[in-house]
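Structural overview
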Amino acid sequence: MTNSILADRIEQFILERLGKQSSDELLLRRKDVADLLECAPSQVTYVINTRFSSDNRFMVESRRGSGGYIKISMRGVAEKDHEIVSHTVSEKKGETDKNDIELVESNFEGYFNMLLKYNIISRREYHMIKVLMRTMLEFCPPEDRQDAVRTIIHQTEWTLKGE
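Thresholds applied
- Residues numbered from 1 in each chain as written.
- Predicted model: local features only at pLDDT ≥ 70, side-chain atom pairs only at ≥ 80, totals over all residues.
- Heavy atoms only, no water.
- Pairing = 2+ DSSP bridges.
- Helix = DSSP H or I, 4+ residues; strand = E, 2+ residues; numbered from the N terminus.
- Axes fitted to C-alpha atoms, helices over the stretch in contact; angles between N-to-C directions.
- Salt bridge = Lys/Arg side-chain N within 4 Å of Asp/Glu carboxyl O.
- Buried < 20%, exposed > 50% of the residue type's maximum accessible area, 1.4 Å probe, protein only.
- Core = buried A, V, L, I, M, F, W, Y, C linked by side-chain atoms within 4.5 Å.
- Domains from an automatic or database assignment.

The name an unreviewed UniProt entry gives the protein is Transcriptional regulator CtsR, with Dialister invisus DSM 15470 as the organism.

Considering the sheet that holds strand β1 (residues 25–28)
An order of β1-β3-β2 is seen for the three strands of this open sheet, with the pairing classed as antiparallel. In this open sheet, the two strands that pair with only one neighbour each are β1 and β2 (58–63). Taking each pair of neighbouring strands and ignoring which way they run, the sheet shows an average axis angle of 15°. The pairing of β2 with strand β3 (residues 69–74) spans six bridges and is antiparallel.

With respect to the pattern of salt bridges
The tally for this structure, following the rule as stated, stands at six salt bridges. Glu 138 serves as the salt-bridge partner of Arg 134, at 3.1 Å between the closest nitrogen and oxygen. Remark: Glu 138 and Arg 134 occur in helix α6 (residues 123–139); sequence separation between them is four residues, near one turn of the helix. A residue is classified by how much of its surface remains accessible, and Arg 134, at 26% relative accessible area, is partly exposed. Judged by its relative accessible area of 45%, Glu 138 falls in the partly exposed class. Residues Arg 150 and Asp 147 are paired through a salt bridge, measuring 3.0 Å at the closest nitrogen-oxygen approach. Taken together, the residues Arg 150 and Asp 147, both in helix α7 (residues 145–160) and three residues apart, mark about one turn of the helix. Look at Asp 147 and you get partly exposed, because its relative accessible area is 46%. Through salt bridges with shared partners, a single network forms among Asp 8, Glu 11 and Arg 51.

Observations regarding unusual backbone geometry
Comment: phi is negative for the bulk of residues other than glycine, and the bulk of peptide bonds are trans. For Glu 38, which is not glycine, the phi dihedral falls at a positive 55°. Looking at where Glu 38 falls in the secondary structure, it is placed in the loop between α2 (30–37) and α3 (41–51). Here the phi dihedral of Asn 119 falls at roughly 55°; this positive angle occurs in a residue that is not glycine. Checked against the element boundaries, Asn 119 lands in the loop between α5 (101–117) and α6. We classify Asn 119 as exposed; its relative accessible area is 65%.

Describing the nonpolar core
Among the nonpolar cores identified, the biggest contains 35 residues, and Ile 10, Ile 14, Val 44, Ile 72 and Phe 112 are the most heavily contacted of them. Elements with a contribution of two residues or more to this core: α1 (3–20), β1, α2, α3, β3, α5, α6 and α7. With eight residues, α5 is the largest single contributor of residues to this core. Looking at this core, you find at least three residues from each of domain 1 (2–74) and domain 2 (95–161).

The following block contains the structure:
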């Protein structure tokens, strides 16, 4: 078995477990995952470090040792996204415009692109969401756009968890 196939299996295992959780986080032990998937704990660590990064909208907390664990949680529009929004420069004013449709749309799209990448939603659902999102942003008052996006992402996360 090649390393990429094993990495895919480990990633899929973690994503499935994360999707079945009723909470926003998944607690794992490297050794348990390695034993279940018949691989070395270092391979589990490699997959977590490369495929569950903050760039992919995951937060990972790790503690080594006999009582060690890995805590993985998926985040929606979080601090990093709010920083991007608050530092966007408006061409007209030369100041921050956190409600610009294109900026709000790109942050929203990033979240749903991640769901598509991990096969949580289909390509068709992704395109439908993009069209609906653009329409909503065009009709939504600029001062309400960030709240609308945040609400949609939270509602989507609750729906995906079956709540």
